[in-house]
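# Commentary on secondary and tertiary structure
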Amino acid sequence: MHIEVAKRLQHTEEYYFSRKLREIDEMNKAGANVINLGIGSPDLPPHPSVIAALNEYAQKPNTHAYQGYKGIPALRNAMAAWYQRFYGVSLEADSEVLPLIGSKEGIMHICMTYLQEGDEALVPNPGYPTYRSAVQLSGATVADYELDEKNGWLPDLDALAKKDLSRVKLMWVNYPHMPTGAVTNTAFAKELIAFAKQHNILVCHDNPYSFILNDRPESLLQVEGAREVVLELNSLSKSSNMAGWRVGMLVGKATWISEVLRFKSNMDSGMFQPVQMAAVKALELGQDWYDELNTIYRGRRQKVFELLQLLNCTFDTKQVGMFVWAKIPATAKDGYEITDEILQKAHVFITPGGIFGSKGTNYIRVSLCKDEAVFSEAINRIQSIKAVKN
């Protein structure tokens, strides 16, 4: 019997990392012992107080039931306080904050709430592949906007304004940018808000990397007038080492939060209460937590720089976030060629930039989520294959 997949799925491929991890698993079963430098999954644990809170509340007899779709008040209050303390943004905890089971869920919820066939959404190229997938699954059309290294990986709003934007309802933006590590600035943020107002476009800002190797965590909601055109996603996955815990948030105007909740409430039955209480602890941590985390990432980033120099790649040493984005040498065909060679010969997995869009074809991305000793081993392996090649 053959059951045809729904039209919405026919142009949506399996996530690249899902396929690649199966390949790596097969290699490891054959004894390869692949070093995975591809995925941004923190290898460090959350703060001990976070784990203690999870343990404490998980042992209570009354914390295992279904939870409210909006999250418990303690978590919404903690998220609002976190935004006030670190971003200087005031939020009404009850109506302008929506906890999510990971911010990736929120990307899908926003698209399903606002998009349908006939609509368009602006998606960055290069950019996080989930933006494209979520737009396609909603039935809407992806409208790429290209980012270029020469422009600091910021969109050319003047060029965009000259296009037909009459069907565009959403624009996905993400700064600090993944995969390039680029940051925005106040002047550009103001231009973006003005652009969105002029063209009646909802700006969806995905902001999970603002605390990683970044001296100035910023929110688009800091900009005057942003509340009228911006919904912002954030997450504890990277900043609190809680990727597997699936704790994210959506913040913005109460009307939009309520509309997204209409969709979300039909998709899940709330987050495990002990996880929510543990997230409260994570959100209460001070600047010293982020400073300690970034001290570790700085050391790792230096090792990645060393690895990339060995591959004759060029890169911006001022980029931020959990990855290092680098341009491949002119002698390589594309990022896929160089990463496949390293995987097969050195058993080191690095992400090809092409998975993030055509503008990433000549780039590669290395995750910082491994110990310095692991990076040293990866460097040794690559040096070995280069020695044989020469």
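What comes next is a walk through the structure. Everything quoted here is computed from the prediction, not taken from an experiment.

About the cut-offs
- Residues numbered from 1 in each chain as written.
- Predicted model: local features only at pLDDT ≥ 70, side-chain atom pairs only at ≥ 80, totals over all residues.
- Heavy atoms only, no water.
- Salt bridge = Lys/Arg side-chain N within 4 Å of Asp/Glu carboxyl O.
- Helix = DSSP H or I, 4+ residues; strand = E, 2+ residues; numbered from the N terminus.
- Buried < 20%, exposed > 50% of the residue type's maximum accessible area, 1.4 Å probe, protein only.
- Axes fitted to C-alpha atoms, helices over the stretch in contact; angles between N-to-C directions.
- Parallel < 35°, antiparallel > 145°, perpendicular 65-115°, else oblique.
- Left-handed = near helix turned anticlockwise from the far one by under 90°.
- Contact = heavy atoms within 4.5 Å.
- Pairing = 2+ DSSP bridges.

## With respect to the pattern of salt bridges
Going through the model one piece at a time under the given rule, you end up with 19 salt bridges. Salt-bridge contacts for D144 lead to R132; the nearest nitrogen and oxygen are separated by 2.4 Å. One end of the pair, D144, is in strand 4 (residues 141-146); the other, R132, is in helix 5 (residues 129-138), with twelve residues separating them in the sequence. For R132, a relative accessible area of 30% translates into the label partly exposed. The salt bridge involving K264 is made with D268; its shortest N-O contact spans 2.8 Å. When sorted by exposure, K264 lands in the same class as D268, which is buried. Residues joined in a network through salt bridges with shared partners are K20, E23 and D340.

## Observations concerning the environment of A330
Positionally, A330 belongs in the loop between strand 10 (323-327) and helix 11 (335-346). As a C-alpha pair, A330 and F17 span 313 residues in sequence and 26 Å in three-dimensional space.

## Some details on the packing of helix 2 (residues 48-58) against helix 9 (residues 273-283)
Axis separation between helix 2 and helix 9 bottoms out at 8 Å; the angle between their running directions is 155°. Taken together, the axes of helix 2 and helix 9 lie roughly antiparallel to each other. Viewed along their axes, helix 2 and helix 9 form a crossing whose handedness is right-handed. Counting all contacts with helix 2, which are made through S49, V50, A53, L54, Y57 and A58, the residues of helix 9 involved are P274, V275, M277, A278, K281 and A282.

## What to know about the pairing of strand 13 (residues 363-367)
Where burial is concerned, most of strand 13 is hidden: five out of the five residues are buried. Going residue by residue along strand 13, you find Y363, R365 and S367 tucked away on one face and I364 and V366 tucked away on the opposite face as well. In terms of strand pairing, strand 10 meets strand 13 through five bridges, oriented antiparallel. Looking at strand 13, one finds that F323 is bridged to S367. The sheet contact formed by strand 12 (residues 351-352) and strand 13 spans two bridges and is antiparallel. Residue pairing for strand 13: T351 is matched across the bridge by R365.

## Quick notes on the pairing of strand 8 (residues 248-252)
For strand 8, a buried count of five out of five residues is recorded, marking the element as mostly surrounded by other parts of the structure. Residues G248, L250 and G252 of strand 8 are buried on one face, and the alternating residues M249 and V251, pointing to the opposite face, are buried as well. Note that strand 2 (residues 97-100) and strand 8 share four bridges and pair antiparallel. Bridged to P99 within strand 8 is M249. Note that strand 7 (residues 230-235) and strand 8 share five bridges and pair antiparallel. The residue bridging L233 from the neighbouring strand is L250, located in strand 8.

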